[in-house]
Amino acid sequence: TAFGIEPSHADYRELADAFLTYYAGAIAVKSTLFNGIPELLDLLRAKNILWGVVTNKRHSLTIPLLKEIGLHDEAACIISGDTTPHLKPHPEPVLEAARQAGVTPQSCWFIGDDQRDIVSGYAAGSVTIAANWGYGTDTVSWNANLTVDTPWNISDLIRQK
């Protein structure tokens, strides 16, 4: 629930719209990459490994954020919450990401910090990796193929391949 009220509350839409307007105006004011992500991106570049973004955030918010933090031009795909008719945990956003990147979902590692990411990736046939940073809590119960504590753990997995 947002604002301590349910979506059925009479003031919800007005408050949500005001929040989204504020958010859009300050989209990347305190947004930074997690420690280890810049190094992970460098490794992906060096190994010519494609990566992308699959988020439930609206396209109108996803693109400005990714541009502000410098990730927009490098992503092989950017799937927002309104790119497909379904949000995660449905597999369609992951399947669309694979299509746009020109790879099979089975060849992808789908890394997420929310249980819906793991459900979505698993349903699409991808290897799922639960991230114990960001929103990640109780990731063990998500039944991901792997669980990692830091982005450096992902870098280690790539180097072992």
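Residues numbered from 1 in each chain as written. Predicted model: local features only at pLDDT ≥ 70, side-chain atom pairs only at ≥ 80, totals over all residues. Heavy atoms only, no water.

### Notes on the nonpolar core
In step 1: Counting 18 residues, the largest nonpolar core has L40, L41, L44, W51, I154 and I158 as its most contacted members.
In step 2: Contributing elements (two or more residues each) for this core: α2 (37-46), α3 (59-68), β4 (127-131) and α6 (151-160).
In step 3: For this core, the leading source of residues is α2, giving 5 residues.
In step 4: If we skip the residues at most four places from it in the chain, W51 touches L41, L44, L71, E74, A75, A76 and C77.
In step 5: Listed in part, the 8 residues of the second largest apolar core include V54, I79, A97 and A124. (Core = buried A, V, L, I, M, F, W, Y, C linked by side-chain atoms within 4.5 Å. Buried < 20%, exposed > 50% of the residue type's maximum accessible area, 1.4 Å probe, protein only. Helix = DSSP H or I, 4+ residues; strand = E, 2+ residues; numbered from the N terminus. Contact = heavy atoms within 4.5 Å.)

### Describing the side chain of K88
In step 1: With respect to the element layout, K88 can be found in the loop between β2 (77-79) and α4 (92-101).
In step 2: Overall, K88 belongs to the buried group, its relative accessible area being 9%.
In step 3: Within the local environment of K88, its side chain forms a polar contact with the backbone oxygen of V54, the two atoms lying 3.0 Å apart.
In step 4: In this structure the side chain of K88 is engaged in a polar contact, spanning 2.6 Å, whose partner is the side chain of D117.
In step 5: If we ignore the near neighbours within four places in the chain, the residues touching K88 are V54, T55, N56, P93, F110, R116, D117 and S120. (Polar contact = N/O pair within 3.5 Å; in protein donor to acceptor, adjacent residues only side chain to side chain.)

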